[in-house]
Amino acid sequence: MGSVTGAVLKTLLLLSTQNWNRVEAGNSYDCDDPLVSALPQASFSSSSELSSSHGPGFARLNRRDGAGGWSPLVSNKYQWLQIDLGERMEVTAVATQGGYGSSNWVTSYLLMFSDSGWNWKQYRQEDSIWGFSGNANADSVVYYRLQPSIKARFLRFIPLEWNPKGRIGMRIEVFGCAYRSFWNSASFDTEASYLHFPTFHGELSADVSFFFKTTASSGVFLENLGIADFIRIELRSPTVVTFSFDVGNGPFEISVQSPTHFNDNQWHHVRVERNMKEASLQVDQLTPKTQPAPADGHVLLQLNSQLFVGGTATRQRGFLGCIRSLQLNGMTLDLEERAQVTPEVQPGCRGHCSSYGKLCRNGGKCRERPIGFFCDCTFSAYTGPFCSNEISAYFGSGSSVIYNFQENYLLSKNSSSHAASFHGDMKLSREMIKFSFRTTRTPSLLLFVSSFYKEYLSVIIAKNGSLQIRYKLNKYQEPDVVNFDFKNMADGQLHHIMINREEGVVFIEIDDNRRRQVHLSSGTEFSAVKSLVLGRILEHSDVDQDTALAGAQGFTGCLSAVQLSHVAPLKAALHPSHPDPVTVTGHVTESSCMAQPGTDATSRERTHSFADHSGTIDDREPLANAIKSDSAVIGGLIAVVIFILLCITAIAVRIYQQKRLYKRSEAKRSENVDSAEAVLKSELNIQNAVNENQKEYFF
């Protein structure tokens, strides 16, 4: 059996590469940027180098520095040139040259790829399996477009043959763009609809992963047939996903059953692997099912039909729903491109917000995109891909942020009506107010909403530290006062306030545990709302004495995530996206209300201490027990040394554990926090972890 397998493998290794298409590096969707030329020297590595001037860092295309390219110490089939692209990229083309002005060039090579730099896979073209034809001289450039493209961080070129009158010599370039296939998807409208691709070459190792979403009770996700062999992945029933295959030993089935339905119109993840030792199936986070391969049985999966996605060759039992991010042996199929020219199949998926909309937080709205979705944080006091990054600011003494709802426009010098002296008449019969704060100063004004009609709302901390909410919705009446005196709110701790008014009824919540509902007697709406003030009130206002005292004092401390209905004044002041009617006076700087002072150097720079230090310290005052005995000093030093040794030991153990973990998992890409794909990378990690930990049994 072993000799047969060896013979087949040798045959595969010697397959002709005539079917590879030589084209200029390019791509219909502008994914053809050169990726290697700007990389630092540390991104290049190799199995060996002939000399320091033949090192891998000299392997850039068209470069003449050093010896004019990379050459290994010994020219044999065990040499390699490796490129670290720095992050996961989509690679659409490669180009090679020989060593500049030499007789050193490679005539054929393999291309390997990896996300971690530890586990490698061979690149396989649709109509060929193993090798690329290389160069015929030292300086001409040979380009290959990769169809399908590669999605990986690391690439490795392995020379197979080279100029017999010289040695191995290579200069290379890689073309592509940032990886963006997470949302690559297609919707299948009828049971007879499907997408077809060239035959899947998974002779010795077949690794398949994808996401699906459906309301149908059954359907075939994927099928590829041979004369007798086949593979098929399907939704067998609302709760069962099945992987069926035959490699010449008779058909086998592996099924995963769920306690809940898969046809719930939510995304589910499927991953399948088959190699010479075993086959496995996992769906979502359910327990994987495994089927060992029979001893001394057939191992090669021999397929010859087209690969059907979303249906079958018989056009029966097709899948109804959406399939996304389909990867075969680590390469993503372009479902959308094929769907654009296929009847009854639509590129992209509808209803991403129905699955992911709940991830938009703090008033952010989910908005559909042709590919994926995004969270619109326009009317939220937060920012970030999921509107979860709060905007906080430190207010220095005497500072303020003023958001003007409308300007005072004098319409007529002779007008006797005050209402005619401003543009519009903004009224509020309801509002939702949320914010957090941290301070040690009393009295303090946290928030003040004013009106052209001398109506107002003030949220203050009184002299005794109690929190007071004062509504005056009728200029002829005294304000309604809601007093929370259960504790001193100027205690330097972070407090959360929510005020929700519906006409004359106000619901108030403090720190998620103190709640009160009150009925106002002064009115039911603001007439002609003028401005919202955070901090010190700069202009004269006709307000009650306590509000005036707090307004004159202002606020010193940290305010966070301030929102009045759809208005976020701190966001408008610190993260302006367009001209806003907001004015900042005094020292207002973006800071973190969450971080505790002194936690580390960074937090000490960004976070302000809110404790009052009204007293003074005389550095001439003698300290009690300042003089210690020599034995006490020595004992203290020994204790410090022991503590340091224990810390070093703990750190060493931690580093060792991290190294072991690193070797078992792929290097994680540092994601852009402004991208929704960044925050959704947990789903990608599911796929990538599987791709990088799959077992490869070739010999």
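Our subject is the structure that appears above.
A short tour of the structure in this document, coming up. (Residues numbered from 1 in each chain as written. Predicted model: local features only at pLDDT ≥ 70, side-chain atom pairs only at ≥ 80, totals over all residues. Heavy atoms only, no water.)

A few points about the pattern of salt bridges
Piece 1. Throughout the structure, instances matching the rule amount to 17 salt bridges.
Piece 2. A salt bridge links R367 to D376, with the nearest nitrogen and oxygen atoms 3.4 Å apart.
Piece 3. Here D376 falls in the buried class, since its relative accessible area comes to 18%.
Piece 4. Put simply, D491 and K487 hold a salt bridge, and the shortest N to O gap is 3.1 Å.
Piece 5. Using a relative accessible area of 34% as the deciding quantity, one classes K487 as partly exposed.
Piece 6. One salt-bridge network, held together by shared partners, links E234, R236, E253 and R317. (Salt bridge = Lys/Arg side-chain N within 4 Å of Asp/Glu carboxyl O. Buried < 20%, exposed > 50% of the residue type's maximum accessible area, 1.4 Å probe, protein only.)

Some points on the packing of aromatic side chains
Centre distance and the angle of the planes are the two values used to describe a pair of aromatic rings.
Piece 1. What the rule picks out here adds up to 20 aromatic pairs.
Piece 2. Between F132 and Y144, the aromatic rings sit 5.3 Å apart at their centres with planes inclined by 65°, giving edge-to-face as the arrangement. Of this pair, F132 sits in strand β6 (residues 132-133) while Y144 is found in strand β7 (residues 142-162), placing the two residues twelve residues apart along the sequence. For the pair formed by F132 and Y144, the shared burial category is buried.
Piece 3. Relative to F555, the ring of F395 has its centre 6.0 Å away and its plane inclined at 75°; by these criteria the two rings are edge-to-face. Highlighted residues: F395 in strand β27 (residues 392-395) and F555 in the loop between α4 (545-553) and β40 (557-564), separated in sequence by 160 residues. (Phe/Tyr/Trp six-rings, centres within 6.5 Å; stacked < 30°, edge-to-face > 60°. Helix = DSSP H or I, 4+ residues; strand = E, 2+ residues; numbered from the N terminus.)

Thoughts on the environment of N135
Piece 1. Inspection of the secondary structure assignment puts N135 in the loop between β6 and β7.
Piece 2. In this structure N135 comes out as buried when scored by relative accessible area, which is 5%.
Piece 3. C-alpha separation for the pair N135 and N163, spaced 28 residues apart in sequence, amounts to 9.0 Å.
Piece 4. Leaving out residues up to four positions away in the same chain, N135 has contacts with T96, Q97, G98, W105, V106, T107, S140, V141 and V142.
Piece 5. Side-chain polar atoms of N135 contact the side chain of T96, separated by 2.8 Å.
Piece 6. A polar contact of 3.0 Å, which involves the side chain of N135, links it to the backbone oxygen of S140. (Contact = heavy atoms within 4.5 Å. Polar contact = N/O pair within 3.5 Å; in protein donor to acceptor, adjacent residues only side chain to side chain.)

Description of the sheet that holds strand β15 (residues 252-257)
Piece 1. Sheet architecture is open: six strands sit in the order β10-β19-β12-β13-β14-β15, paired in antiparallel fashion. The open sheet has two free edges, formed respectively by β10 (195-197) and β15, since each of these has just one partner strand. Each adjacent strand pair in this sheet contributes to an overall mean axis angle of 15°, direction not counted.
Piece 2. Direction of pairing for β10 relative to strand β19 (residues 307-309): antiparallel, over a ladder of three bridges. By the bridge assignment for β19, H196 is matched with F308. (Pairing = 2+ DSSP bridges. Axes fitted to C-alpha atoms, helices over the stretch in contact; angles between N-to-C directions.)

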